[in-house]
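What the coordinates show
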Number of protein chains: 2
Amino acid sequence: MSRVLLASRNAKKLGELRRILAAEGLDGAEGLEVVGLDDVPEFPEAPETGATFEENAVAKARDAVAATGLPAVADDSGLAVDALNGMPGVLSARWAGRHGDDQANLDLVLAQLTDTPEERRGAAFVCAAALVRPGGRETVVRGEWRGALIRKPRGTNGFGYDPIFVPEGETRTSAELAPEEKDAASHRGRALRALLPALRELV
Amino acid sequence: MSRVLLASRNAKKLGELRRILAAEGLDGAEGLEVVGLDDVPEFPEAPETGATFEENAVAKARDAVAATGLPAVADDSGLAVDALNGMPGVLSARWAGRHGDDQANLDLVLAQLTDTPEERRGAAFVCAAALVRPGGRETVVRGEWRGALIRKPRGTNGFGYDPIFVPEGETRTSAELAPEEKDAASHRGRALRALLPALRELV
């Protein structure tokens with residue numbers, strides 16, 4: 001059984017990654033075992049200083065490969081708000097200044113968009129996913145999910161900016177979608193599915 | 001004596017605008033009297049919802065002309081940070097969510113750039129200045145001032161993001177420059193001087 005490492009310490013993101021791969025029958029069934037960072041010895045992780053999602057995803061996967069010798073998948077994702085010129089972008093998880101404070105980040109985006117009218121509240125969730133193999137071959141893909149930002153959070157599923165993001169064609173926020181509905185449409189779902197051919201080559 | 005209205009309620013910005021015009025001999029000496037909003041009856045001002053500095057400057061000047069019948073100059077300005085895709089931009093005065101809290105805005109930009117290395121800390125102060133005449137003729141110009149953002153505020157002159165902005169060719173922040181040094185180089189000085197030919201036509 002080949003192994004591939006999912007290089008994320010974000011429990012909710014890791015849950016989504018595992019769920020998406022499992023839905024494709026890629027955990028165990030196809031001769032590929034998906035392991036998490038909890039299953040390998042701790043290693044130092046570089047801060048995310050890249051200017052793009054792709055740079056950060058590749059850097060995280062490279063660090064994991066260097067430390068474990070396993071092929072590694074990493075993602076970097078965030079919200080690109082039109083009225084903020086595509087920001088918070090790579091700073092999505094630390095937009096309010098501290099890393100991982102979802103509520104503060106979401107509140108800040110809402111406050112910054114207070115005077116932004118409905119027709120300019122477009123946004124996209126973006127996910128870059130990278131597979132790096134021992135030996136150095138790298139595959140990077142991108143998934144995007146367009147939508148608009150509402151003014152009051154709704155829903156409790158998902159994480160991050162999900163409660164203020166209404167995907168195109170939807171009336172519910174992505175925090176009001178069932179997990180499998182989110183996965184079928186989301187930036188992360190799209191990116192990981194784009195990575196499947198490369199993952200299947202590992203078997 | 002012709003009159004021109006400086007349409008700003010920001011006392012520090014108004015001081016700079018008056019100082020720059022006075023340095024060009026344009027207040028009184030050339031047959032042009034510069035009046036402030038305190039010298040005219042109060043009128044309702046639309047919120048700054050434009051996507052660009054130019055839109056906001058023109059909108060403010062138009063409102064002032066409509067309310068007073070005087071030719072009016074307005075500016076909209078802000079800090080465009082490279083690593084934030086040009087933001088805070090038009091949201092510079094309300095970046096942390098409340099309008100006009102200079103300290104909170106500056107602290108937030110510094111926090112957002114914590115992991116941004118020196119070579120990616122470029123920024124520009126940008127100022128759009130508009131002259132709108134009764135009858136509707138409009139002139140809009142732009143001034144830019146390139147520099148880089150440091151990690152700890154220095155200096156007490158100026159306002160807004162001045163304490164973290166080191167202009168190109170300088171070692172001091174723009175809050176450490178003497179007022180006349182700032183005016184000679186600044187985005188606002190450049191924009192207003194670009195507006196002088198149009199202002200002189202008013203006489």
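Residues numbered from 1 in each chain as written. Chains lettered and ligands numbered in written order. Predicted model: local features only at pLDDT ≥ 70, side-chain atom pairs only at ≥ 80, totals over all residues. Heavy atoms only, no water.

This paragraph deals with the interface of chain A and chain B. Across the boundary between the two partners, chain A contributes 19 residues, which contact 18 residues of chain B. The junction of chain A with chain B conceals about 1600 Å² of combined surface from both sides, 55% of it contributed by carbon and sulfur atoms. Counting across the interface, chain A meets chain B through two salt bridges. Between R94(A) and D115(B) there is a salt bridge; the shortest N-O distance is 2.5 Å. (Contact = heavy atoms within 4.5 Å. Buried area = accessible area lost by both parts, 1.4 Å probe. Salt bridge = Lys/Arg side-chain N within 4 Å of Asp/Glu carboxyl O.)

Residues and elements named next belong to chain A. With five bridges joining them, strand β1 (residues 2-6) and strand β2 (residues 32-36) adopt parallel strand pairing. By the bridge assignment for β2, L5 is matched with V35. Across two bridges, the pairing between β1 and strand β3 (residues 72-81) is parallel. Its bridge partner lying in β3, L5 is registered against A72. (Pairing = 2+ DSSP bridges. Helix = DSSP H or I, 4+ residues; strand = E, 2+ residues; numbered from the N terminus.)

All names here are of chain A. One can find R19 in helix α1 (residues 11-23). Look at R19 and you get partly exposed, because its relative accessible area is 32%. For the pair R19 and G189, spaced 170 residues apart in sequence, the C-alpha to C-alpha distance is 9.4 Å. If near-sequence neighbours (up to four positions away) are discounted, R19 is found in contact with P179 and D183. A polar atom in the side chain of R19 sits 2.7 Å from the side chain of D183. (Buried < 20%, exposed > 50% of the residue type's maximum accessible area, 1.4 Å probe, protein only. Polar contact = N/O pair within 3.5 Å; in protein donor to acceptor, adjacent residues only side chain to side chain.)

On to the side chain of K60(B). All names here are of chain B. When you line up the elements, K60 lands in helix α2 (residues 53-68). Of the residues examined, K60 reaches a relative accessible area of 18% and is grouped as buried. Among the polar contacts made by the side chain of K60, one reaches the side chain of E48 at a distance of 3.0 Å. When neighbours within four sequence positions are excluded, K60 is seen to be in contact with A7, K13, E48, A74, D75 and D76.

Moving on to the sheet that holds strand β3 (residues 72-81) of chain B. Residues and elements named next belong to chain B. The sheet built from six strands is open, its strands ordered β2-β1-β3-β4-β5-β6 with mixed pairing. Two strands close off the open sheet at either side, each with one partner strand: β2 (32-36) and β6 (165-167). Neighbour-to-neighbour, the strand axes of this sheet turn through a mean angle of 35°, independent of strand direction. By the bridge criterion, 10 bridges tie β3 to strand β4 (residues 122-132) in an arrangement that is antiparallel. Within β4, the position partnered with D75 by the bridge is A129. Against the sheet, α2 contacts β1 (2-6), β3, β4 and β5 (138-149), and its axis sits at roughly 160° relative to β3. (Axes fitted to C-alpha atoms, helices over the stretch in contact; angles between N-to-C directions.)

Taken as a whole and judged by the stated rule, the model has one cavity of 30 Å³ or more. Every residue along the wall of the largest cavity is listed here: A46(A), P47(A), E48(A), N56(A), A59(A), K60(A) and D63(A). (1 Å grid on protein atoms, 1.4 Å probe; cavity = no way out; pocket = protein on both sides within 12 Å on 5 of 7 lines; lining within 4 Å. Points joined across faces, edges and corners; volume = space filled by probe spheres on them.)

This brings us to the UniProt feature "active site" (unreviewed entry) in chain A. Residues and elements named next belong to chain A. Under the present numbering, the feature "active site" (unreviewed entry) in UniProt falls on D76. Note on placement: D76 falls in strand β3. The class of D76 is buried, set by a relative accessible area of 3%. Those residues in contact with D76 that sit more than four places away from it in its chain are E48, T52, F53, N56, A57, K60, V90, V126, C127 and A128. Reaching out from D76, the side chain makes a polar contact with the side chain of N56 at a distance of 3.1 Å. (UniProt positions renumbered as here; feature names shortened; annotations may be inferred.)

Now for the relation of the copies chain A and chain B. Rotating chain A by 180° about the axis while translating it 0.0 Å along that axis superimposes it on chain B, leaving an RMSD of 0.0 Å. Interpreted geometrically, this transformation is the action of a two-fold axis. If distances are taken from each C-alpha of chain A to the rotation axis, the shortest is found for N85(A), at 2.9 Å. (Least-squares fit on C-alpha atoms with pLDDT ≥ 70 in both.)

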